[in-house]
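Results of the structural survey
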Amino acid sequence: MGWFKRLKEGVSTETINKKAAPDGLWHQCKKCGETCTSKDLADNFHKCPHCNYHNRITPELYFDIIFDGGKYKELFSEIQSKDFLNFTDLRAYSDRLVEAKASKPGKEAIVTAVGKVKRRELVVAAMDFFYIGGSMGSVVGEKISRSIEYCLEHKVPLMIISKSGGARMMESAFSLMQMAKTSAMLTKLGKAGIPFFSFMTDPTTGGVTASYAMLGDLNFAEPGALIGFAGPRVIKEFIRKDLPEGFQTSEFLLEHGFLDFIVDRKDLRERLGDLLHFFRVDEHVDDLAPETENIAPIQTAE
Amino acid sequence: MVFLEFEKPLESLTEQLDKLKQVSEEGDIDLASTIIELEKKLVEKRKEIYSNLTGWQRVQLSRHPERPYTSYYIDQITSKFVELHGDRFIKDDKAIVGGIAKIGNQSVVILGQQKGNTTKQRQYHNFGMPNPEGYRKALRMMKIAEKFNFPVITLIDTPGAYPGMEAEERGQAEAIAKNLFEMAQLRVPVLCYVIGEGASGGALGIGVGDRVFMLENTWYSVISPESCSSILWRSWDFKEVAAESLKLTAPHMLEFGLIDEIIREPVGGAHLEPEKMAKTLKSHITKQLKELMPMDPDERIEQRISKYRKMGEFEIVGQVKE
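Residues numbered from 1 in each chain as written. Chains lettered and ligands numbered in written order. Predicted model: local features only at pLDDT ≥ 70, side-chain atom pairs only at ≥ 80, totals over all residues. Heavy atoms only, no water.

**Here we look at the overall build of chain B**
Here is the rule we go by: Elements are defined by DSSP. Helices are runs of H or I of four residues or more, strands are runs of E of two residues or more, and each kind is numbered from the N terminus. Only the C-alpha atoms count toward the radius of gyration. The rule for a globule is 2.2 Å times the residue count to the power 0.38. Partly exposed describes any residue whose relative accessible area lies between the buried limit of under 20% and the exposed limit of over 50%, with all areas from a 1.4 Å probe on protein chains only and scaled to the type maximum. Note on definitions: a residue-residue contact is assigned when non-hydrogen atoms from the two residues lie within 4.5 Å.
Regarding its fold elements, chain B presents 14 helices and nine strands. Against the globule reference of 20 Å for 322 residues, chain B gives a C-alpha radius of gyration of 22 Å, in line with a compact fold. Taken along the three principal axes of its C-alpha coordinates, chain B extends 80 × 55 × 40 Å. Counting across all 322 residues of chain B, residues that qualify as buried make up 57%. Residue pairs in contact within chain B that sit at least 24 positions apart in sequence constitute 71% of those at least 6 positions apart.

**Points about the interface of chain A and chain B**
Here is the rule: What counts as buried area is the accessible surface, traced by a 1.4 Å probe, that two parts surrender upon association, with contributions from both included. What makes a salt bridge here is a side-chain nitrogen of Lys or Arg within 4 Å of a carboxyl oxygen of Asp or Glu, nothing more.
Between chain A and chain B, the residue contacts involve 62 residues of the former and 56 residues of the latter. Carbon and sulfur atoms supply 71% of the area that chain A and chain B bury against each other, a total of about 5,300 Å² over both sides. Considering only the surface of chain A that becomes buried against chain B, Glu78(A), Met169(A) and Phe229(A) emerge as the three largest contributors, covering 13% of it. On inspection of chain A and its partner chain B, the count reaches four salt bridges.

**Notes on the domain arrangement of chain B**
Bring the parts together and some accessible area is lost; that lost area is often taken as the interface size. Residue and element names in this part refer to chain B. Under the convention used in this document: Each domain's extent was defined by an automatic or database domain assignment. Pairing of N or O atoms within 3.5 Å defines a polar contact, subject to two protein rules: one partner must be a possible hydrogen donor and the other a possible acceptor, and residues neighboring in sequence count only if both atoms are side-chain atoms. Each residue is assigned to one class: nonpolar for Ala, Val, Leu, Ile, Met, Phe, Trp, Tyr, Cys and Pro, charged for Asp, Glu, Lys and Arg, and polar for all the others, Gly among them.
Partitioning chain B into domains gives domain 1 (5-52) and domain 2 (59-309). For domain 1 versus domain 2, the separation of C-alpha centres amounts to 36 Å. Listed by partner, the interface residues are five residues for domain 1 and seven residues for domain 2. Surface buried jointly by domain 1 and domain 2 totals about 510 Å² across both partners, of which 69% is contributed by carbon and sulfur atoms. At the junction of domain 1 with domain 2, the criterion picks out zero salt bridges. At the junction of domain 1 with domain 2, the criterion picks out one residue pair in polar contact (both at pLDDT 80 or more). A class-by-class count of the residues in the side of domain 1 that touches domain 2 yields two nonpolar, no polar and three charged.

**What to know about the nonpolar core**
Condition: Definition used in this section: a nonpolar core is a set of buried Ala, Val, Leu, Ile, Met, Phe, Trp, Tyr and Cys residues joined via side-chain atoms within 4.5 Å.
Within the largest apolar cluster, 113 residues are counted, with the highest numbers of intra-cluster contacts made by Leu158(A), Met177(A), Tyr212(A), Leu204(B), Tyr220(B) and Cys228(B). A per-element tally of this core places helix α5 (residues 172-191) of chain A first, with 10 residues. Residues contacting Tyr212(A), with those up to four places away along its chain left out, are Met127(A), Met136(A), Val140(A), Ile144(A), Ile160(A), Ser162(A), Thr182(A), Ser183(A), Leu186(A), Phe196(A) and Ser198(A). Membership of the second largest hydrophobic core comes to 25 residues, among which are Tyr62(A), Ile161(A), Leu268(A) and Leu276(A).

**Some points on helix α10 (residues 225-232) of chain B**
Residue and element names in this part refer to chain B. The buried count for α10 comes to six of eight residues, which makes it a mostly enclosed element. The complete set of buried residues in α10 reads Pro225, Glu226, Cys228, Ser229, Ser230 and Leu232. Remark: Arg234 follows α10 within two positions and exhibits a positive phi of approximately 55°.

**Considering the side chain of Ser162(A)**
Take Ser162(A): it is sitting in strand β7 (residues 158-164). Ignoring sequence-local partners within four residues, the contact set of Ser162(A) consists of Met127(A), Phe199(A), Met200(A), Thr201(A), Thr204(A), Val208(A), Tyr212(A) and Ala213(A).

**Remarks on the environment of Gly55(B)**
Residues and elements named next belong to chain B. As for its position among the elements, Gly55 is in helix α3 (residues 55-62). You can call Gly55 buried: its relative accessible area is 6%. Taking the C-alpha atoms as reference points, Gly55 and Asp75, separated by 20 residues in sequence, lie 30 Å from one another. Once residues lying within four places of it in the same chain are set aside, the contact partners of Gly55 are Ala243, Glu244, Leu248 and Thr249.

**What to know about the packing of helix α4 (residues 138-154) of chain A against α5(A)**
Residue and element names in this part refer to chain A. Under the convention used in this document: To define axes, lines are fitted to C-alpha atoms, for helices over the stretch in contact only, and angles between the resulting N-to-C directions are given on a 0 to 180 degree scale. Roughly parallel means an angle under 35 degrees; roughly antiparallel, over 145; roughly perpendicular, 65 to 115; everything else is oblique.
For the pair α4 and α5, the least separation of the axes is 8 Å and the interaxial angle reads 10°. Our classification of the angle between α4 and α5 gives roughly parallel. Each of Ser138, Gly141, Glu142, Ile144, Ser145, Ile148, Glu149, Cys151 and Leu152 in α4 lies in contact with α5, whose residues at this interface are Phe174, Gln178, Lys181, Thr182, Met185, Leu186, Lys188 and Leu189. Of the residues that constitute the contact of α4 with α5, the class distribution is eight nonpolar, five polar and four charged.

**Overview of empty space enclosed by the protein**
Rules: Grid spacing is 1 Å over the protein atoms alone, the probe is 1.4 Å, and a cavity is where that probe fits but cannot get out, while a pocket is an open set with protein on both sides within 12 Å along at least five of seven lines and lining residues have an atom within 4 Å of a point. Grid points are joined across faces, edges and corners, and a volume is the space filled by probe spheres set on the points.
Tallied over the entire structure, the rule returns three cavities of 30 Å³ or more. By volume, the largest cavity is sized at about 90 Å³. Around the largest cavity, the lining comprises 14 residues; the ones closest to its centre are Met214(A), Gly228(A), Leu253(A), Glu168(B) and Gly171(B). When contributions to the lining of the largest cavity are tallied by element, the ones reaching two or more residues are α7 (250-255) of chain A together with α8 (172-184) of chain B.

**Here we look at the pattern of salt bridges**
On inspection of all chains with the given rule, the structure shows 42 salt bridges over all chains. The partner of Lys94(B) in a salt bridge is Asp92(B), and the shortest N-O contact between them spans 3.5 Å. With a relative accessible area of 27%, Lys94(B) lands in the partly exposed category. What emerges from the salt-bridge pattern is a single network uniting Glu60(A), Glu74(A), Lys104(A), Lys107(A) and Asp128(A).

**Some details on the packing of aromatic side chains**
Applicable threshold: Between rings of Phe, Tyr and Trp, where Trp is taken as its six-membered ring, a pair exists when centres lie within 6.5 Å; planes separated by under 30 degrees are stacked, by over 60 edge-to-face, and by other angles tilted. The criterion for a charge sitting over a ring is simple: Lys NZ or Arg CZ within 6 Å of the ring centre, and within 35 degrees of the ring normal.
For the coordinates displayed, the defined rule picks out 18 aromatic pairs over all chains. Summarising the aromatic geometry, the rings of Phe84(A) and Phe174(A) are spaced 4.7 Å apart at their centres and angled 80° between planes, so their arrangement reads as edge-to-face. With Phe84(A) in the loop between β4 (79-80) and α3 (93-103) and Phe174(A) in helix α5, the pair connects residues that are 90 residues apart, well separated along the chain. Ring centres of Tyr72(B) and Tyr73(B) lie 6.0 Å apart, and the angle between their planes is 75°; on these two criteria the pair is classed as edge-to-face. Above the ring of Phe129(A), the side-chain terminus of Arg56(A) is found at 4.4 Å from the ring centroid. It is Arg271(A) that lies over the ring of Phe261(A); its NZ or CZ is 4.5 Å from the centre.

**So, the sheet that holds strand β3 (residues 72-75) of chain A**
Residues and elements named next belong to chain A. Quick reminder of the rule: At least two DSSP bridges between two strands are required for those strands to pair.
With respect to topology, seven strands assemble into an open sheet ordered β3-β5-β6-β7-β8-β9-β10, the strand pairing being mixed. Among the strands making up the open sheet, the edge pair consists of β3 and β10 (261-262). The pairing of β3 with strand β5 (residues 110-117) spans four bridges and is antiparallel. Bridged to Lys73 within β5 is Val114. Contacts between α4 and the sheet are confined to β3, β5, β6 (120-127) and β7, with β5 contributing the most and set at about 25° to the helix.

**Quick look at α5(A)**
Residue and element names in this part refer to chain A. The condition that has to hold: The span expected for a helix works out to 1.5 Å for each residue beyond the first.
When the terminal C-alpha atoms of α5 are compared, their 30 Å separation across 20 residues agrees well with the 28 Å that a helix rising 1.5 Å per residue should span. A large share of α5 lies buried, amounting to 17 of its 20 residues. Positive backbone phi, approximately 70°, marks Gly193, located one or two places after α5.

**Notes on the layout of surface pockets**
Within this model, the largest pocket holds a volume of roughly 1,600 Å³. What lines the largest pocket is a set of 48 residues, and nearest its centre among them are Met169(A), Val234(A), Ile223(B), Ser227(B) and Ile231(B). Broken down by class, the residue content of the lining of the largest pocket amounts to 24 nonpolar, 15 polar and nine charged. Of the voids in this model, the second largest pocket is the one considered here, and its volume is about 420 Å³. In this structure, the second largest pocket is lined by 19 residues; those nearest its centre are Asp202(A), Gly224(A), Ala225(A), Leu226(A) and Thr249(A). Of the residues belonging to the lining of the second largest pocket, the class tally is eight nonpolar, six polar and five charged.

Rendered as structure tokens:
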């Protein structure tokens, strides 16, 4: 069958000459392998229309989904990482930062914003996995601390959306201490009776899980997210056994008592609206008023 | 005696000295002056080696098999120690030992990770790697301390929280997080001492306090140099470089303002004169308690939280909005 067999071995096409489908038109699901158009994916909250796999998304997309009219005001964007230890592994931390900052100017591994959800104010601190693995360094700790202070001052509930590989090793003990810093600051919020919702998304691991992510008045997660302290690879290497299917997923954590519920991304906004209604801090909101009338005159970030 | 790799010059000197002493004892020749000279040389050599330790060498020292562990210090420092067990939910985690005791006239709760001196003991104590039960056991003891106004003293010495399947099932992350949260608000003084290895969240899980101290030859980091090497260098061979890069030694931590003070060890490490080390530690604790006990609890908590609030290095870029 010469037609199907390569006549000459070792024929290969230079990457540069390969014809690829234009980027961004089609999306193939990481989980089920089915394809859909990027538009369909976006219309479906960036979840696979076939298997409901929740793709990782940026803080800005979460803000669009959560806040009334997609309007919000970004907070504390002036706080930026620096390489104060001159840390160099295979690459210099300073180079990693330059690259990360170039790809997402003015952003960090966490983006903090205030806006309204169903007419009620909420501060959201959302981690960005695409920024150095969403790793928690000094900036993440500082922006969370400032968000907490903002919540204390304005009596606004806080939600942290975790999406992180853990602590930022390039900041060594400083990143470790962010666990203590954020947890200590959260005690203040608790004492003031201001609700804190911890929303865990794929992935939430390491020092992030072992500090603020597990400290919500309510802890909830997106379906199928990886949530744990030690990463699966570390555990596998350590105990020299394969891990069972579904180990460390949201469903696993719900079953073991560490989550209050799992929420599909399409229901997130509705659910938050309900929660803010229950845990009301702001008594002045008229629940019967039409939603649009109450959208605050908040400017969008950009 | 166990000699670490960088202590090799000491090993040959010690051997020579032992031989000379033996010959001298047999009484044939008077070697007193030679022995004194050699002893002097040994002390000088030791000082020389120990005044220039690298990060990795400190890590090795912190893991020295003869190094005193938590139980030793509790035994030496306190009297009337009553060991407490269990988290009241799952079991008694042997990786954490602790209880109520007296230091002088002061009742205290003292606890820490325990590693064990023999292979059997090490297994029994799970090499000082606590499961969630361990952190919950520690918290239970700290809550007793709070209720009856005993200060809390924690001794930190762990290669990390145990990364096992059961640990995940029972909420390792939740257990550590809860401790950070609760320790920040404990109404009694909390003193934390890193006495060996301070590895990551497993160490911090009993490490939030009014004051945090490190013994001279210990380390404190977000990750062990080995794991750091494996993740960032994608190989296990860069642990020495990783140890340097992480700046994990006590002097670094003090310089960063992440700890309050360094406790000097006897030259050559705590294991050479453990009794002396314990004495130093005891008088240090006593002095600290004298300062912290009279403080108003609310003020103490406020100071504790604002200390952690300040930790972090970043830059402010561009215009501050509003």
